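Structure assessment
Residues per chain are reported as follows:
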Amino acid sequence: MRWPRVVLGALGAIATAAALTIQAPQVYTFTGLGGLIAFIVAAGCLAADLVPYRPAHAAAATASLVDAVVLVVGGQAGVPVIVPAALLLLLQLAPAASGRSPRRRPAPGFDA
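The notes below deal with the structure included here.

Calculation notes
- Residues numbered from 1 in each chain as written.
- Predicted model: local features only at pLDDT ≥ 70, side-chain atom pairs only at ≥ 80, totals over all residues.
- Heavy atoms only, no water.
- Helix = DSSP H or I, 4+ residues; strand = E, 2+ residues; numbered from the N terminus.
- Buried < 20%, exposed > 50% of the residue type's maximum accessible area, 1.4 Å probe, protein only.
- Patch = residues over 30% accessible without salt bridge, like charges linked within 9 Å, V, L, I, M, F, W, Y side chains within 5 Å.
- Areas by Shrake-Rupley, 256 points an atom, 1.4 Å probe, with all protein chains shown as cover.
- Salt bridge = Lys/Arg side-chain N within 4 Å of Asp/Glu carboxyl O.
- Lys, Arg positive; Asp, Glu negative; His and termini not counted.
- Axes fitted to C-alpha atoms, helices over the stretch in contact; angles between N-to-C directions.
- Left-handed = near helix turned anticlockwise from the far one by under 90°.
- Contact = heavy atoms within 4.5 Å.
- Nonpolar A, V, L, I, M, F, W, Y, C, P; charged D, E, K, R; others polar.
- Core = buried A, V, L, I, M, F, W, Y, C linked by side-chain atoms within 4.5 Å.

**A look at the overall build of the chain**
- Broken down by element type, the chain carries five helices and zero strands.
- Counting helices and strands in the order they occur from the N terminus, the chain gives α-α-α-α-α.
- The buried share of the chain, taken over its 112 residues, is 36%.

Rendered as structure tokens:
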């Protein structure tokens, strides 16, 4: 599952850049929309990580779901939007940084 993580990382990068450059009332437009899209993509990512169970990837997808909700409502709840925005970006790097990648077996009939 690579492209959903790329999309989530890009949304995190865009939300982080928006949080750094745009003032408080207007930034909620970018972070709210980005959080909604991130929630949908993270839900699909979680479903894809649970079918061939990959614990590190599933944990990152679950944390991304929670983080997307905080990104949407964080400004109104008093959380600085830079925190969930940067966390969304960093969560996509966590499975690769864990050093555990799923084993890939060659297809039947092919030599490794």
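**Describing a nonpolar patch on the surface**
- A cluster of nonpolar side chains, contributed by F39, I40, V69 and V73, occupies part of the molecular surface with about 360 Å² of accessible area.
- Among the elements of the structure, helix 2 (24-50) and helix 3 (55-77) are those that each provide at least two residues to the nonpolar patch.
- With respect to the helices, strands and loops of the structure, V69 is situated in helix 3.
- Judged by its relative accessible area of 41%, V69 is partly exposed.

**A short note on the side chain of D67**
- Its location among the elements puts D67 in helix 3.
- With no salt bridge to any partner, buried D67 finds its closest opposite charge in R5, at an N-O distance of 11 Å.

**So, the packing of helix 1 (residues 3-21) against helix 3**
- Where helix 1 meets helix 3, the axes come as close as 12 Å, and the angle between the chain directions of the two elements is 35°. In the crossing of helix 1 with helix 3, the sense of the turn from one axis to the other is left-handed. Here helix 1 contributes R5, L8 and A15 to the contact with helix 3, which in turn contributes H57, A60, A61, S64 and L71.
- A breakdown of the residues in the contact of helix 1 with helix 3 according to their chemical character gives five nonpolar, two polar and one charged.

**Description of the nonpolar core**
- Counting 15 residues, the largest nonpolar core has L8, A38, L46, L71 and L88 as the members making the most contacts within it.
- Those elements that place two or more of their residues in this core are helix 1, helix 2, helix 3 and helix 4 (82-91).

**Some remarks on the pattern of salt bridges**
- In this structure the tally under the stated criterion is two salt bridges.
- Two residues, R5 and D49, come together in a salt bridge whose shortest N-O distance is 2.6 Å. With R5 in helix 1 and D49 in helix 2, the pair connects residues that are 44 residues apart, well separated along the chain. For the pair R5 and D49, a shared accessibility class is recorded, and that class is buried.
- Of the charged contacts, one joins D49 and R54 as a salt bridge, the two residues approaching to 2.4 Å between their closest N and O atoms.
- On the basis of relative accessible area, R54 is assigned to the buried category, the value being 15%.

**What about the side chain of S64?**
- On the secondary structure map, S64 appears in helix 3.
- On the basis of relative accessible area, S64 is assigned to the buried category, the value being 0%.
- Excluding anything up to four places from it in sequence, S64 contacts L8, A42, L88, L91 and Q92.

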